[in-house]
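Reading the structure
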Amino acid sequence: MTPRRSDHGFVRMPDAEFEAILTRAAEEGAKRALADVGLDGDEAALDIRDLRSLVDCIRLVRRTAMQTAVRMITTGVMLALLAGIAIKLKIFGGGP
């Protein structure tokens, strides 16, 4: 069945035909969007895998940096507490 124009300016078409048009438009739009960012061609899948790997590495570096910062702060606090205890107990001698 071909689309028909109604009296109110609307176009009527069967649902299956409308779905086919939407599917084709979505596929063409996705292809154009990938081409616009340079992710088209034979190596596009490899490029996307490389990008995912890069993002995973960035997440790992961020997580490791946060863990290192927490460890450094914890170590600093512990050293400050030990220094305070040592001064309080006059372990290093001297003083009145």
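Residues numbered from 1 in each chain as written. Predicted model: local features only at pLDDT ≥ 70, side-chain atom pairs only at ≥ 80, totals over all residues. Heavy atoms only, no water.

**Quick look at the overall build of the protein chain**
Applicable threshold: Helix and strand assignments follow DSSP, with helices taken as H or I runs no shorter than four residues and strands as E runs no shorter than two, numbered in order from the N terminus. Each residue is assigned to one of three classes by its accessible area relative to the maximum for its type, calculated with a 1.4 Å probe on protein chains only: buried under 20%, partly exposed between the two thresholds, exposed over 50%.
The number of helices and strands found in the protein chain is two helices and two strands. Helices (α) and strands (β) of the protein chain occur, in sequence order from the N terminus, as β-β-α-α. Relative to its full complement of 96 residues, the protein chain shows a buried share of 3%.

**A few points about the pattern of salt bridges**
Heads up, the condition is: By salt bridge we mean one thing: a side-chain nitrogen of Lys or Arg within 4 Å of a carboxyl oxygen of Asp or Glu.
According to the stated counting rule, one finds one salt bridge in the structure shown. Measuring nitrogen to oxygen at the nearest pair gives 3.7 Å for the salt bridge that ties D56 to R59. On the criterion of helical spacing, the pair formed by D56 and R59 is a turn pair, its members being three residues apart in helix α2 (residues 44–88). A relative accessible area of 46% places D56 in the partly exposed class.

**Let's talk about the UniProt feature "transmembrane region" (unreviewed entry) in the protein chain**
Put simply, the rule is: UniProt positions are given in the numbering used here, feature names are shortened, and annotations may be inferred rather than shown by experiment.
With numbering matched to this structure, UniProt assigns "transmembrane region" (unreviewed entry) to residues 69–87. Overall, residues 69–87 shows 100% helix and 0% strand. The separation of its end C-alpha atoms is 27 Å.

**What about α2?**
Three- or four-residue spacings in an α-helix give side chains the same orientation, since the helix completes a turn every 3.6 residues. The cut-off we apply is this: To estimate the expected span of a helix, subtract one from its residue number and multiply by 1.5 Å.
Between its first and last C-alpha atoms α2 spans 66 Å; for 45 residues at 1.5 Å apiece the expected length is 66 Å, and the two agree. Looking one or two residues beyond α2, the residue adopting positive phi is K90, at roughly 50 degrees.

**A word on unusual backbone geometry**
If a residue is not glycine, its phi is most likely negative; likewise, a peptide bond is most likely trans. Phi at K90 takes a positive value of approximately 50 degrees, unusual for a residue other than glycine. Positionally, K90 belongs in the segment after α2.

**Considering the confidence of the model for the protein chain**
Our working definition: Each residue carries a pLDDT score, the predictor's own confidence in it, on a scale running from 0 to 100.
On average, residues of the protein chain score 88 in pLDDT, and 89% of them reach the 70 mark or higher. Element-level pLDDT for the protein chain is lowest in strand β1 (residues 4–5), with a mean of 60, against a maximum mean of 94 in α2.

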